[in-house]
Amino acid sequence: MYYRLATMDDLTEICNMIEAAKQLMSEQGIEQWDDIYPVCEDFEEDINKKTMFVVMDDVQLAAIYVISEECDDEYLKCEWENKKPCIIHRFCVSPFFQNKGIGATVLNHIEKQLIESGYDSVRLDVFTKNPYALRLYDKNGYIKRGYADWRKGRFLLMEKKLDRIADSIDLRIHYRRLH
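Residues numbered from 1 in each chain as written. Predicted model: local features only at pLDDT ≥ 70, side-chain atom pairs only at ≥ 80, totals over all residues. Heavy atoms only, no water.

Draft legend 1. Spotlight on the environment of D34. Of note, D34 is situated in the loop between α1 (11-27) and α2 (40-49). Excluding residues that lie within four positions of it along the chain, D34 makes contacts with K22, R151 and K152. Here the side chain of D34 touches R151 through a polar contact of 2.8 Å, side chain to side chain. (Helix = DSSP H or I, 4+ residues; strand = E, 2+ residues; numbered from the N terminus. Contact = heavy atoms within 4.5 Å. Polar contact = N/O pair within 3.5 Å; in protein donor to acceptor, adjacent residues only side chain to side chain.)

Below is the structure:
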């Protein structure tokens, strides 16, 4: 897997992947994304702002995510603990790569990326009727901080403190295992 900023050349593949993800979620009874959100124009804007990343497996798109400091006003109503956050938006693993641990791998990469950029926490919102996403964030140490109510229903607002020291310890342990 490798990670890079998305480009306009990726837009068609991103939109196709998102449509496949929307169909799968609908089949699973998760009516989170639809023909209103997210749409190609959202991704085009993300690419122009240089906030969207693609995760590639050789030449195939495995996942996408957006990281930025921008957030909806609903985030401002929440009791957050950390002061220098970045927010994950539109995180999606391709249906062809799901159930292989890629969500946790990408999440770990995002956290390291944010630590290197000087953030002290990561925030996100997760649809309360998406058991797969809820389990992913819960297993990876995200804490519930509040709720937001949007057009599709209730979302949990979650946060994880990013710890540069713990991250470097993890890297040293991993390094020792390899050698």
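Picking up where we left off.
Draft legend 2. Highlighting the nonpolar core. Within the largest apolar cluster, 28 residues are counted, with the highest numbers of intra-cluster contacts made by I88, F91 and Y137. Of all elements in the fold, only β2 (52-57), β3 (60-68), β4 (85-93), α3 (102-116), β5 (121-127), α4 (131-139) and β7 (153-161) reach the threshold of two or more residues within this core. Those residues within four positions of F91 in sequence are excluded, and the remaining contacts are W33, I64, Y65, G103, V106, L107, L136 and Y137. If you look at the next biggest cluster of nonpolar residues, it comprises 21 residues, including C15, I18, M25 and F155. (Core = buried A, V, L, I, M, F, W, Y, C linked by side-chain atoms within 4.5 Å. Buried < 20%, exposed > 50% of the residue type's maximum accessible area, 1.4 Å probe, protein only.)

Draft legend 3. Up close: the pattern of salt bridges. One pass over the structure, following the stated rule, counts 13 salt bridges. With a closest N to O distance of 3.2 Å, E19 and K22 form a salt bridge. In this pair, E19 and K22 are both assigned in helix α1, three residues apart and thus about one turn of the helix distant. Judged by relative accessible area, which is 45%, E19 ranks as partly exposed. (Salt bridge = Lys/Arg side-chain N within 4 Å of Asp/Glu carboxyl O.)

Draft legend 4. A look at the environment of E111. In this fold, E111 is placed in helix α3. Given the relative accessible area of 9%, E111 is considered buried. For the pair E111 and C86, spaced 25 residues apart in sequence, the C-alpha to C-alpha distance is 9.7 Å. If we skip the residues at most four places from it in the chain, E111 touches V122, N140, Y142, K160 and L162. One polar contact links E111 to Y142, side chain to side chain, over a distance of 2.8 Å.

On their own, these measurements won't tell you what the molecule is for.
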